[in-house]
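Structure at a glance
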Amino acid sequence: MTAKPQGLAVRPGVIHYPGLLDPPAQRAMVDELRGAAAVAPFFTPRMPRTGAPLSVRMTNCGALGWVADEAGYRYVPSHPETGLPWPPIPGRVLALWETLADCPAPPEACLVNFYSSAARMGLHQDRDEATFDAPVLSVSLGETAVFRLGGISRRDPTRSFRLASGDVLVFGGEARLAFHGVDRLIPGSSTLLEKGGRLNLTLRRVTPFQRPAST
DNA sequence: CAGTCTCA
DNA sequence: TTGC
């Protein structure tokens, strides 16, 4: 995949690439992620202050990983339970970023969220990064998610649409800070993951990069 | 500088 | 890096 594929603008700045990864590519990516999860096991994130658990389980790849616990939301260089550095971002995940992100620097964080059939994710923004110049790239693997997308303000109207296995979504430009979440999964919609559920990868730039000079 | 929780 |  060298040329940039065509996508659908769900709203300005949010591009949906349905079925961008064919089933063999999805399987290969899942295999890579299994290797990463063997080094950095999934853990249960918690809400700041209350400690209420989120229903997803998560791990990370890359130089920095996103964690959530009583202390807050933040990026850290190592796994909160093992203390080991996050494993590298898998090659085919990096390749997707290179094709789609239009960004001169590689991603620093690859958050891997696992949704069981009952997991959900409330509406939120990805805003814990020190730069919003780079887009956020999201990859869906496994069961279809009923995804919810809003605007920049929490009270903006929202829309819902489905994200199936192999779909890629890019949040950039004016939509980089769009609210989004997952209402639910559609059970039985995929057999990619033997035990069901859904993996979502979120690729992000965390620290600023030097943009090419304009003259 | 309160949040991607949840339940009232 | 959470207490305020």
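Residues numbered from 1 in each chain as written. Chains lettered and ligands numbered in written order. Predicted model: local features only at pLDDT ≥ 70, side-chain atom pairs only at ≥ 80, totals over all residues. Heavy atoms only, no water.

**Comments concerning the packing of helix α1 (residues 23–39) against helix α2 (residues 91–100)**
One can describe the packing of α1 onto α2 by two numbers: an axis separation of 8 Å at closest approach and a directional angle of 120 degrees. Taken together, the axes of α1 and α2 are oblique relative to one another. Every residue of α2 that contacts α1 at Ala25, Ala28, Met29 and Glu32 is listed here: Gly91, Arg92, Val93 and Leu96. Looking at side-chain class alone, the contact of α1 with α2 contains 5 nonpolar, 1 polar and 2 charged residues. (Axes fitted to C-alpha atoms, helices over the stretch in contact; angles between N-to-C directions. Helix = DSSP H or I, 4+ residues; strand = E, 2+ residues; numbered from the N terminus. Parallel < 35°, antiparallel > 145°, perpendicular 65-115°, else oblique. Contact = heavy atoms within 4.5 Å. Nonpolar A, V, L, I, M, F, W, Y, C, P; charged D, E, K, R; others polar.)

**Points about the sheet that holds strand β9 (residues 145–149)**
Taken together, 4 strands build an open sheet; the order of strands is β7-β12-β9-β10 and the sheet is antiparallel. Only two strands of the sheet have a single partner each, and these edge strands are β7 (121–124) and β10 (159–163). This sheet shows a mean twist of 25 degrees between the axes of neighbouring strands, independent of strand direction. Sheet analysis places β7 next to strand β12 (residues 180–185), joined by 2 bridges and oriented antiparallel. Counterpart to His124 in the pairing with β12 is His180. (Pairing = 2+ DSSP bridges.)

**Some remarks on the side chain of Asp167**
Mapped onto the secondary structure, Asp167 falls in the loop between β10 and β11 (168–171). A polar atom in the side chain of Asp167 sits 2.9 Å from the side chain of His16. There is a polar contact of 3.0 Å between the side chain of Asp167 and the backbone nitrogen of Ala164. Look past the residues within four positions of Asp167 in its chain and what remains in contact with it is His16, Tyr17, Pro18, Gly19, Ser138, Val139, Ser140 and Arg162. (Polar contact = N/O pair within 3.5 Å; in protein donor to acceptor, adjacent residues only side chain to side chain.)

**Re the protein's contact with DNA strand B**
Among the 16 residues in the neighbourhood of DNA strand B, the closest are listed as Met47, Trp66, Met121, Gly122 and Arg154. Counted by atom, the contact set of DNA strand B within 4 Å of the protein is 48% sugar and phosphate. The backbone of Gly122 places a nitrogen or oxygen atom 3.0 Å from a phosphate oxygen of DNA strand B. Taking Asp128, its side chain carries an N or O atom lying 3.2 Å from a base nitrogen of DNA strand B. Elements that contribute at least two residues to the surface near DNA strand B include exactly β5 (72–76) and β7. Ranked by residues supplied to the surface near DNA strand B, first place goes to β7 with 4 residues. Of the residues in the surface near DNA strand B, the class split is 8 nonpolar, 4 polar and 4 charged. (Near = heavy atom within 4 Å.)

**A closer look at the packing of aromatic side chains**
Scanning the model with the defined rule gives 5 aromatic pairs in all. Seen from their ring centres, Phe147 and Phe161 are 5.5 Å apart, and the 65 degrees between their planes marks the pair as edge-to-face. Here Phe161 lies in strand β10 and Phe147 lies in strand β9, a separation of 14 residues in the sequence. With a relative accessible area of 6%, Phe147 lands in the buried category. Judged by its relative accessible area of 16%, Phe161 is buried. Clustering of aromatic rings is evident, with ring pairs tying together Phe147, Phe161 and Phe171. (Phe/Tyr/Trp six-rings, centres within 6.5 Å; stacked < 30°, edge-to-face > 60°. Buried < 20%, exposed > 50% of the residue type's maximum accessible area, 1.4 Å probe, protein only.)

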